Amino acid sequence: MTTDPRTMDKIVSLSKRRGFIYPSSEIYGGLASAWDYGPLGVELKNRVARFWWREMTQLHDNIVGLDASILMHPTVWKASGHVDNFADLMVEDTVTNERYRWDHLTEEQREAKTSPNGNPLSEPRVFNLMFSTHLGPVQDSSSTVYLRPETAQGIYVNFKNVVQTSRVKIPFGIAQIGKAFRNEIVTKNFIFRTVEFEQMEMQYFVHPSEDEKWFSTWKAARMEYYESLGIRPERLRFTEHGPDELAHYAKTAYDIEYEFPFGWQELEGIHNRTDYDLSRHGEFSGKDLTYLDDQSRERFIPYIIETSAGLTRSVLMVLCDAYDEEEVGEGDVRTVLHLHPRIAPVTVAVLPLVKKDGLAERAREIERELRDDYATFYDQGGAIGRRYRRQDEIGTPYCVTIDYETMEKDTVTIRYRDSMEQERIAVADLANHVRSSIKSYKRAAL
Ligand code: GAP
């Protein structure tokens, strides 16, 4: 049996050291549960988002995109049920004033009404998770607006706009990536649960008689998506929500869970939201949100199958899944991120073996040629072995080395991160070679 090299401490430390993720406002001591994405982190996050967007909108001709605003009309959140239902039961340690979610306490703590510190707890109290603020200069209840707790509602309120202005016909989907906010109690596990986060949500509008068929289709498709991203299948599983766990809008719900170093946790929710959302928005807005099938002339309120993934949580997942420490020689261990080449912050590192004799200049030229198509990085500092290791640690899948043979024959060596094997290829073939290697990338079984 091999031991799991991943610990959250190592992942947090690598993230900080290599510029993936920093604590927010760190020079002021940080802000609990808020994080900033550094130069490599923002590239990784953008690429994970891009991978999802490509999967949804580019590879499906019946899914279109949307980017709705974060602040919406406050009635949206009455209609959606969030004003009345989006709440946790909270208790407070009467000595330290620390707050806990009632359902996060153990059976014994709930029975004895004591906190994890052993102090008496206050009575449970309902605490709405939406952040509110005021729009305009007057701060009264009529000016209250909310920071959206999910991106989905921006899609529902634009359903009619999209139907009228694009050529979509049921079944079709609307995809969106954006920020969401929840005033959650967060104490641990890095960027897993934060008060400000990003979601990647796709709402698929279907005929009510086909809801179960589409639910199973999307459930399977979403699992395949994670596998196409190179995530280890043995660390992914489904769990179904029991009747007492279902959100107020859901008829059926499954989570895709990932085995993080701190245990199995939700990565994405797949929900059959029925006609709940469109019916409620129709009712509250007084607008007709029915759909007319122009073939059958049937008018109906579509059912919605939702796939709702966390973008920032996916970033943590890909870091945890990619992280490895491998023995590469007697007592020599390399730290490596086995990121899928489509999401790695740097795709190709270009490294001259030495700086002199024109090698650095040629390496620069090659790097500039690749730049148009790939995220490149040029590094001429230090021993070549050390430079490879630096790229392994940030997950760069290809290192191209320019040596004396390059100057004679116009060939380079390409080193593959996962196998560490090297191959000699002509500079003229390099860009195409990288392209086909990305296309056929399969993570080796570990
Ligand atoms: N529209 C449905 C919805 O929002 P959810 O299960 O509450 O469903 C969907 O959230 C996904 O959003 C979760 O699976 C998770 O990946 C992400 N998510 C939710 N709350 C989060 C938080 N506080 N921090 C980071 N990601 C979060």
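Thresholds, definitions, all that
- Residues numbered from 1 in each chain as written.
- Predicted model: local features only at pLDDT ≥ 70, side-chain atom pairs only at ≥ 80, totals over all residues.
- Heavy atoms only, no water.
- Buried < 20%, exposed > 50% of the residue type's maximum accessible area, 1.4 Å probe, protein only.
- Helix = DSSP H or I, 4+ residues; strand = E, 2+ residues; numbered from the N terminus.
- Contact = heavy atoms within 4.5 Å.
- 1 Å grid on protein atoms, 1.4 Å probe; cavity = no way out; pocket = protein on both sides within 12 Å on 5 of 7 lines; lining within 4 Å.
- Points joined across faces, edges and corners; volume = space filled by probe spheres on them.
- Nonpolar A, V, L, I, M, F, W, Y, C, P; charged D, E, K, R; others polar.
- Axes fitted to C-alpha atoms, helices over the stretch in contact; angles between N-to-C directions.
- Parallel < 35°, antiparallel > 145°, perpendicular 65-115°, else oblique.
- Domains from an automatic or database assignment.

### What to know about helix α9 (residues 276-285)
Those residues of α9 that sit buried are Tyr-276, Asp-277, Leu-278, His-281 and Gly-282. Along its buried surface, α9 packs onto α3 (75-79), α6 (152-156), α7 (159-165), β10 (196-206) and β16 (303-310). With its phi angle positive at about 75°, Gly-286 sits one or two positions after the end of α9.

### Here's the deal with empty space enclosed by the protein
In this approach, a probe sized like a water molecule rolls over the atoms, and the result shows the empty space that is left. One pass over the full model with this rule turns up one cavity of 30 Å³ or more. Considering only enclosed or pocket space, the largest cavity measures out at about 50 Å³ in volume. Every residue lining the largest cavity is listed: Leu-229, Gly-230, Ile-231, Val-318, Asp-321, Ala-322, His-338, Leu-339, His-340, Ile-343 and Arg-443. Residue classes in the lining of the largest cavity are distributed as six nonpolar, three polar and two charged.

### Re the packing of helix α2 (residues 39-58) against helix α10 (residues 311-322)
Across the interface, α2 lies against α10 with an axial gap of 10 Å and an inter-helix angle of 110°. Relative to α10, α2 is oriented roughly perpendicular. Seen from α2, the contacting residues are Leu-44, Lys-45, Val-48 and Ala-49; seen from α10, they are Leu-311, Thr-312, Ser-314, Val-315, Val-318 and Leu-319. Partitioned by chemical class, the residues of the contact of α2 with α10 number seven nonpolar, two polar and one charged.

### Quick notes on the domain arrangement of the protein
Splitting the protein by domain gives domain 1 (8-67 + 160-319), domain 2 (89-125) and domain 3 (346-439). For domain 1 versus domain 2, the separation of C-alpha centres amounts to 31 Å.

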